[in-house]
Amino acid sequence: MLAESLALSAALFTIGVIGVLTRRNAIIVFMCVELMLNAVNLSFVALSRVYGATGQVFVIFVMTVAAAEAAVGLAIIISIFRHKKSVNLEDINLLRG
Amino acid sequence: MQSIFDAIGYNSWILTLLLVLPIVGAGVLIAQAQRHSSSDGAATMSSARRTALLFFGVECLVSIGLWWSVDYESTAWQAAVTLPWIESWGIFFRIGVDGIAVVLILLTTCLMPLTVLGSWTSIREKPHAFYALLLVLTTGMLGVFMSLDLVLFYVFWELMLVPMYLIIGIWGGKRRLYASLKFFLFTMLGSLLMLVAIVYIGIEAGGLNGPPIFDYDVVTTTGAYSYNTALWLFGAFFLAFAVKVPMFPFHTWLPDAHVEAPTAGSVVLASIMLKMGTFGFVRFALPLFPYAATHPAVKSAVITLAVVGIVYGALVSMVQPDFKKLVAYSSVSHMGFVILGIFAFTTQSVQGALMVNINHGISTGALFLLIGMIYERRHTRMIADFGGIAKVMPIFAVMLTIVALSSIGVPGTNGFVGEFLVLIGAFRTEPIAAVIAATVIIFAAVYLLWALQRIIYNPLSKPENAALKDLNWREIGLLVPLIAAIFWLGLYPAPVLNRTHAAANRLVERMGGMPEANITVVPERR
Amino acid sequence: MMQSVHPLAETVARFVWWLPALPLIGFVINGALSIYASAKPGPADPSANGHDGSNIGHGSHATDEGNHGHDDGDGHDDHAPTPRHRFAGITSIVGPGVLVLTFGLAIALFVAMRGVEMHEPFVSTLFAWMPVGDLHINAALQLDGLSMVMVLVITGVGMLIHVFSVGYMQDDAGYPRYFAYLNLFVFFMLLLVLGANYVVTFVGWEGVGLCSYLLIGFWFSEKANADAGKKAFVVNRIGDFGFMVAMFMLFAHLGTLDYATIAERAGQFAPGGVVVTAICLFLFLGCVGKSAQIPLFVWLPDAMAGPTPVSALIHAATMVTAGVFLIARSASLFSLAPVASLTVALVGGVTALFAATIGLKQWDIKKVLAYSTISQLGYMFVGVGVGAYTAGIFHLVTHAFFKALLFLGAGSVIYAMHKAYHATRNHSDDAQDMRNMGGLKKFMPVTWTLMWIATLAIAGVPPFAGFFSKDEILGATFARAHGSTLADASLLGMSGSTVLYIVWVFGLAAALLTAIYMTRMMLYTFHGPNRTGDDARPHLAEAPWVMTGPLLVLGVLSAIGGWLNLPGVITDLAPIGPTASLEHWLEPVVGEATARVAGGGAHVAVSTEALLIGLAVAIAIAGMAIAWARLKPSALVAKSAAAPATGIQRVLENKWYVDEAYDAAIVKPTFAVSKSVLWGGVDVGLIDTLLVNGSAALTRFFGWMGSQLQSGRVGTYAWLIVIGAVLLLRAFARVA
C-alpha cells in the first residue's frame, strides 16, 4: 500500500515538474506547481502511517501555504496579464539583465 | 636645552600632539568648508590654504624639538606613550620613537608645509577637502613611524591609504581613476596579507588562554616560530612593504600614481610614503623574523630584486618622455639602494640606506615641486615640449640643476653620501651586488643630464616657452630650504648619522651582520 | 699616526684650507652676481633682449651653421657692438683676484715647505665628514711634495688663464657665470689634489667633472655644446664607477681610505696579488675616464666646444691630468701590482700613438690640440705606469706649461679670426678651421713666436721643457725593460719586458707624429699665404695685452721648464743647473714606490742614455723636417678649395670612426633595449598588461561567467533548480 502511494506521489510530482519546465502558460505552470505540492502531500499522508501523525500536520501546513500562494500568485498573474495582455512566461523577462 | 624640554615635559606629550594636531586641523578645515560653500572660489582657496599652512607650520615647529630632546643612544623607546585601547584583545595605543623614526618624522613634518606652498595656486577645486585629506594623511604617516603596537601600526598604515587614494582620484590628471585604483589595489593586496600575519603573531604571542599580545617589544623578543611559519609570515610583511617601497616587480603602480597625482600628492608619495616600505622593513619585518630575513635564499632573492630594481629603474628612466615618469622610475632605482643597504646588514650600509631614504625624500620632493612649477606654467610635463628655458627662467634652471645633481649623487650633495655609504657597506658582504649597483652612477647621469639638457639647455626653439616667467618669491622660498638641506646633508651629515647610529647598529647586531667589525687583513696568497 | 708635532704645524700651512676656500668665495660672489643679473635684467644687460651671447670663439663649424639654421630673430643684432655685462667690472676683479691670492698663498706654503724637513705629509683635518661605525672619513687636506707641485701648477697656470679670460670673454653675456664656473673648477681641482683621503679626492674628482660639464656647455643654447658637455660627464662617470669600486675594495681590505694609512698598510698586500691588482685596475679605469685614454677618450675632442681658455685650463693643463696625479698618489699600491702598472703603461703608449695619428688629419685647430693632449697624457701614463712617477709628474708640469700656451695661443688666433669674420659679417666660414688661416705670422707676431716655442717644447726639441720630460719617460721605459719587477711580470701572454719595449717603440713613433702634426698646425696657421678672405684680412690683429701677457709668461715657462728636473747625464756634461730637483722634492712621496718597481737592476749605462737622448732629438727634428717638406706653401689651400680626403686620410679625419662605433655598439642598443625590452616589454607588457591587468581581466572573466547564469529567464532557473535537486538527491542517496 505504502509503495503504491509513494509511486503515485512520485508520478504526480514528475508530471508537475515536467509541466513547470515545459509549459509556457503561467496559469498552467502555476497549476503544475500546485500538483507538485499535492504530490508531496500525498507522500506525507502515506508516510504518516509509518512514522506517526507529524506528516499529517505538515499536510495541513502545506495546504495553508499553498492557499496563500495561490492567492498571491494568481493576483500577480492577473496583474501581469493586465499589463502585458499575455500570460506567456517567455514575455515576462523583467529580471533579465 | 635638555632642561627646558624636561621642564615642559616635552617628551611626554609631543608625539600625541603631533598625531592629534593634523586631525584637529582637518576638522577646522571641514568646518570652514561648510561656511564657504556659497562664497566665491578665490576666497575659499585662500582661506583653506592659509589654515592648512598654519597647522602644518605649527606641526613642523613643535616637532623640531625632537631633534634635541631625544636620547639617541638609549635602548629604550623615547617619548613613549602607552594608553589602553582595546585591552581585551591586547591592543594598546603604544607609541615611541628611536633615532631612525625621529629623522623620518622630522622629514615629514618639515616637508608638509612646503607641499602646501607648492600647491598654493594649483588646487582650485574643493581646496578645503584637499588640505583636510593632506592633514589626515600626515597623521597616518606619522603614526606609522611612531607605532609600537602591531594593530595600531596597521590602523595607521591603512589610514594613509585612503586620503592618498582620494587625492589622486579627485585632484589628479586625466587617467586619475585608473591610477588611483591601481594604487589602492596594489597596496591593499600587500597589506591584507600583513593583517593576517599580524593577527597570527598576536594570537601566537598571547598563547592559548590569554588575550592576544601585539606589543612590539614582546612580539619581537618572544616570537619563536618554526622556520616555515616564519618564512610565510615574513613573506606577508615583505609583500606589504615591497609594494610600498616599491621594489621591482611591484613598482608599476608608482609611475601611474605619480604622473596622475597633483604636485602635493607626488611629493608626499615620493618623499614620505615610499619611506614607509623601507621603514617597515627596518622596524617590523626584520626584527620580527631575523632568521627568515637572513636565510641565504631569502636574502639573496631580496638583494637580487633590489639590484634589478636599481639598474632597471635607471634604464627605464632613460627612455621616458614624461618628466614625472622619469622621476618616478628613478625612485624605483633609488629605493632599490635603500633595500640593498638594509639587507647587506653592515653598519655603513644600513646607515647609508637611512640617508638615501632622507635624501630621496628631499631631492625627489624638490624635483616634483619643480616639475609642478613648470607644469603650472605650460600645462605639460613632456620633456620634448621644453628646451632652452634656462634663458627665460634662469633661477629655475639653477634650482633644477642643483636638485638634479643631488639626485645623480654628485659629491658635495646629499645624494652622494647615502649612495656611497650603502655601496661601501654593501661591498663588504655583497660585493657583486654592490658593484652592479654602482654602475647606476653612470645611468643616473645619463637620464637626468639628458632630461636637463632637453629642458633647460638647447635652443629656445618653441615660442610658447619664450614667454615663461621665472620663479616667484613663494616658489623660491619653498625651494631654498630643500636646497639648503641638500648641501647640509652632503657636506656635514654627521648630525644625522650620529642620531641614527645606535638604532642602526642595534638592527645590524640583531640580524647578525657586520656591526662594527674590526677589519683583519689576511695576507692573500700569491 | 703622527705622534710628534709636524714641522709644518706652526707655519702658514695651518691655513692650507684657505687654498680651496678662496676660489670658493670667488664662485659664490660671481655666481650671485650672475643669478642676480639674469633674474633682474637691468637696462644695460645684454641678456635682457634675449641676446644669446654669441661671440668670439663660438663653437665649431657646425655651430656656426646652426646659428643660421634657427635664427630666432636675435642673430643679426650681434653685429652691433655688444655691451659688456653690467657686473663685468666686479667680476674682472673678483674672478682673477681670488686666483692671485690663492697663488700667493701657494707660494707662501711652498716657501714654508722648503724650510722644513718633511718625511710625512702634513694633514689638516677640518671636520668629521662621514663617521659611520669603523668608517671614518674626514674632511681633511694633505700637504706634501706631490700636492704642492699640483697646487702650484693649478693656481699658477689657473691664474694666467683667468687673466687671459678677462680679455677673451669680455663681451660675453654670461661673463660672471663664466668666472663663477672657473672659480668653482679651481676649488674642486684644489680639493682633488689636496684631499687627504680617496673620498675627498673623489669629491674634487667629480666636482671638476661637473665644472667641465658646465663649461663645455657654457653656450648651452647650441645643442652641440650641450651634447658635448653631457657626453663628457657621462663618459667620466664610467671612470668614476671604477674609482668608486676601488674605494670599496680598499675599505673592505684595509679598513681605511686615508692616503697616509693606506701607505702604511699597503704592505699587507702580497706583491702582485689579485686584490691589489684589481684595486689598481679599477683606479686606473677612473683615470682612463678622467684623463681621456683609450677607450674613454672620446669626450675630450668634443669638449673643445667650450670656450678656449676652458680648454686650456681644464682640458689640457689640470683636470685631465688628474688621472696621472691619482696614480702617483696611489704609487704605494701600483708599485705592488706590476700587471696593473704594465696595463697603465700599455694603454698610455697605445693612446699616445693612436691619438697622434688622428691629430695628423684634423682641421680644427682646437681638435689638433685636443688629440695632442690625449697623446701627451698617454706619455704621462707611460711614465707613471713604468714606475717613473717623478717623470710622469714632470711631464704633467711641463705639459701644463706648453699645452696651456698652445691653447691660449690658439685662443688668440680664434679671437682674431672671429673678430675679423664678425666685422665682415661672415657667418659661413669657420673661425677655427686652419684651412681658413695661413700667414698669420704677419698679423700676430707675438702669438706666432710664443706658439713656436711651445711647438718646439712639445715636439721634444732641446732645450725646451718637453724635451726633458718626454725623454725621461722614454728613458725610464727603456730602463725598466730589464731587471725591474715589471719586466718579470707578464701581460696578455707577453713578458713584461716585451710589453715595455713595445711601449717604448710606440712612444718614439708618437714623438715622430707629434713633431709632424704640430709643425703642420703651425704651418697651416701662421705660414704661407693668408686664406682668411680678402675683406676679412684687414681686420686681423694681435689680441690685447691682457691676453698676450699670460702667453708671454707661459712662453718663458715652456722654454725653461726643463730645469725643474735636469737629468744627471746632462748636468754631468755641462753644469747648467741643479740635478733632478723635482725628483728630490717628490722623494718622500713616491721614492719608496719608485725603488720598489725599479728593483735592483733597472738602470742603463750613461752611454746608452746619451744614445737614447740623441735618438729622441733626431726623431723630433726628423718629424719637423718631414712636415716642412710635405707642406709647401703651395700645398696649403683654403677650405673651400680643398679636395675631399680619401682612403686612410679620410679614416683619420673621421677619427677612426670610434664615436660612430660606440654609438652603434653601446649607446643605441642600450637605449633600444631600455625602451622596447625593459619599458615596453617588461614594464608595460609583462608586469602591467599580463600580470596586473591580466589578473584584473581574469577576475572579470569569472564574474562574467557567473553573470551568465543570471539570465533572468524563469524557465532556466526552474531547470537549474530541478537539476540541482536531482543532484542533491543523488548525493543524499549515496550517503544514506
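Quantities reported herein were computed from a predicted structural model and do not represent experimental measurements.

Colleague: Could you clarify how one ought to interpret the overall build of chain C in this entry?
Modeller: Looking only at helices and strands, one finds 27 helices and four strands in chain C. Evaluated residue by residue, chain C yields a buried proportion of 57% over its 736 residues. Within chain C, contacts between residues separated by at least 24 positions form 83% of all contacts whose residues are at least 6 apart in sequence.

Colleague: Got a minute to help me understand the overall build of chain A in this structure?
Modeller: The helix and strand inventory of chain A stands at three helices and zero strands. Mapped in sequence order, the helices and strands of chain A form the string α-α-α. Here the C-alpha atoms of chain A give a radius of gyration of 16 Å, more than 25% beyond the 13 Å that 2.2 N^0.38 yields for 97 residues. Projected onto its principal axes, the C-alpha coordinates of chain A cover approximately 50 × 25 × 20 Å.

Colleague: Please clarify how the nonpolar core should be interpreted in this entry.
Modeller: Across soluble globular proteins, you tend to see nonpolar side chains buried next to one another. Ranked by internal contacts, the top residues of the largest apolar core, which has 467 residues, are Phe237, Ala285, Leu340 and Leu423 of chain B together with Met247 and Ala404 of chain C. By size, the runner-up hydrophobic cluster in this structure holds six residues, among which are Val20, Ala26, Phe30 and Cys32 of chain A.

Colleague: Would you mind showing me how to read the interface of chain C and chain B here?
Modeller: Reports of interface size often rely on the accessible area that becomes lost once the parts have come together. Every contact between the two is made by 54 residues of chain C and, on the other side, 57 residues of chain B. Considering every element that reaches the side of chain C that touches chain B, the biggest residue donor is helix H7 (residues 223-254) of chain C, with 17 residues. Among the residues forming the side of chain C that touches chain B, the class breakdown is 32 nonpolar, 13 polar and nine charged.

Colleague: Whenever I open this one, the confidence of the model for chain C confuses me. Can you help?
Modeller: Should the pLDDT be low somewhere, the predicted coordinates at that spot are not to be read in detail. Counting all residues, the mean pLDDT for chain C is 84, and 92% of those residues have values of 70 or more. Low pLDDT (under 50) marks residues 44-80 of chain C, which in the prediction has 68 contacts with non-local residues, meaning those over four places away or in another chain.

Colleague: What am I meant to see in helix H11 (residues 308-317) of chain C here?
Modeller: In an α-helix, one turn spans 3.6 residues, which is why side chains three or four residues apart end up on the same side. All names here are of chain C. Of all 10 residues making up H11, 10 are buried, and the element is well covered by its neighbours. Listing the buried residues of H11 in full gives Thr308, Pro309, Val310, Ser311, Ala312, Leu313, Ile314, His315, Ala316 and Ala317. Contact partners of the buried residues in H11: helix H4 (145-168), helix H5 (175-194), helix H6 (198-216), helix H10 (299-302), helix H15 (365-385) and helix H16 (389-423).

Colleague: Sorry if this is basic, but what is going on with unusual backbone geometry here?
Modeller: Among all residues save glycine, negative phi is the norm, and among peptide bonds the norm is trans. Cis geometry is adopted by the peptide bond preceding proline 246 of chain B, which originates at valine 245 of chain B and carries an omega value of -10 degrees. Considering the arrangement of structural elements, one finds proline 246 of chain B in the loop between helix H10 (227-244) and helix H11 (253-260). That bond from phenylalanine 248 of chain B to proline 249 of chain B is cis: its omega, 0 degrees, falls within 30 degrees of zero. Mapping proline 249 of chain B onto the fold places it in the loop between H10 and H11. Of note in this structure, alanine 292 of chain C is not a glycine but carries a positive phi near 55 degrees. Residue position: alanine 292 of chain C is located in the loop between helix H9 (274-290) and H10.

Colleague: Help me understand the packing of H15 of chain C against helix H18 (residues 465-480) of chain C in this model?
Modeller: Between two packed helices, the angle of one axis relative to the other and the distance separating the axes together describe the packing. All names here are of chain C. Following both chains from N to C, one finds H15 and H18 inclined at 45 degrees, their axes separated by 9 Å at the closest point. With respect to each other, H15 and H18 are oriented oblique. Crossing of H15 against H18: the hand is left-handed. Residues Tyr379, Val382 and Gly383 of H15 form the contact with H18, whose participating residues are Lys470, Ile473, Ala476 and Thr477.

Colleague: In this structure, what is going on with the environment of isoleucine 95 of chain B? I would like to understand it.
Modeller: Residues and elements named next belong to chain B. Among the secondary structure elements, isoleucine 95 is positioned in strand S2 (residues 91-97). By C-beta crowding, isoleucine 95 is classed as buried, having 26 other C-beta atoms within 10 Å. When neighbours within four sequence positions are excluded, isoleucine 95 is seen to be in contact with Leu15, Ala80, Val81, Met146, Ser147 and Leu148.

Colleague: Just checking my understanding: could you explain H10 of chain B for this structure?
Modeller: Residues and elements named next belong to chain B. For H10, which comprises 18 residues, the first-to-last C-alpha distance of 26 Å matches the rise-based estimate of 26 Å (1.5 Å per residue) to within 8%. Listing the buried residues of H10 in full gives Ala230, Leu233, Phe234, Ala236, Phe237, Phe238, Ala240, Phe241, Ala242, Val243 and Lys244. As for H10, its buried residues are in contact with helix H8 (176-206), helix H12 (263-288) and helix H13 (290-294).

Colleague: Hey, could you run me through the pairing of strand S1 (residues 78-86) of chain B in this one?
Modeller: For a regular strand, the rule is simple: side chains alternate between the two faces of the sheet. Residues and elements named next belong to chain B. As defined by bridge partners, S1 adjoins S2 across six bridges and the pair is classed as antiparallel. In the sheet register, leucine 83 faces S2, and the bridge partner there is phenylalanine 93. Where S1 hands over to S2, the hairpin turn is made up of four residues, of which glycine 90 adopts a positive phi near 70 degrees.

Colleague: Is there a simple way to think about the packing of H16 of chain C against helix H23 (residues 581-598) of chain C in this case?
Modeller: All names here are of chain C. Between H16 and H23, the least distance of the axes is 9 Å, while the angle of their chain directions is 135 degrees. Considering the angle they form, H16 stands oblique to H23. Residues Tyr389, Thr390, Ile393 and Phe394 of H16 touch H23, and the partners they reach there are Leu582, Glu583, Leu586, Val590, Ala593 and Thr594. For the contact of H16 with H23, the per-class residue count stands at seven nonpolar, two polar and one charged.

Colleague: Would you explain the arrangement of the chains in this entry?
Modeller: Of all two pairs of chains that touch, the greatest number of contacts is found between chains B and C. A gap remains between chain A and chain B, with no contact made and the closest C-alpha atoms lying 26 Å from each other.

Colleague: Is there a simple way to think about the environment of threonine 121 of chain B in this case?
Modeller: With respect to the helices and strands, the residue threonine 121 of chain B is situated in the loop between helix H5 (99-118) and helix H6 (127-146). For threonine 121 of chain B and serine 46 of chain B, which are 75 residues apart along the polypeptide, the C-alpha to C-alpha distance reads 8.9 Å.

Colleague: In this structure, what is going on with the environment of phenylalanine 478 of chain C? I would like to understand it.
Modeller: All names here are of chain C. Examined against the element boundaries, phenylalanine 478 turns out to sit in helix H18. A residue is classified by how many C-beta atoms lie within 10 Å of it, and phenylalanine 478, with 22 of them, is buried. Placed 24 residues apart in sequence, phenylalanine 478 and isoleucine 502 show a C-alpha to C-alpha distance of 9.8 Å. Setting aside its immediate chain neighbours within four residues, phenylalanine 478 contacts Trp504, Val604 and Leu612.

Cut-offs and rules
Residues numbered from 1 in each chain as written. Chains lettered and ligands numbered in written order. Predicted model: local features only at pLDDT ≥ 70, side-chain atom pairs only at ≥ 80, totals over all residues. Helix = DSSP H or I, 4+ residues; strand = E, 2+ residues; numbered from the N terminus. Buried ≥ 20, exposed ≤ 12 C-beta atoms within 10 Å, placed from the backbone. Contact = placed C-beta atoms within 7 Å. Rg over C-alpha atoms; globule rule 2.2 N^0.38 Å. Core = buried A, V, L, I, M, F, W, Y, C linked by C-beta atoms within 7 Å. Nonpolar A, V, L, I, M, F, W, Y, C, P; charged D, E, K, R; others polar. pLDDT = per-residue confidence, 0-100. Axes fitted to C-alpha atoms, helices over the stretch in contact; angles between N-to-C directions. Parallel < 35°, antiparallel > 145°, perpendicular 65-115°, else oblique. Left-handed = near helix turned anticlockwise from the far one by under 90°. Expected span 1.5 Å × (residues − 1). Pairing = 2+ DSSP bridges.

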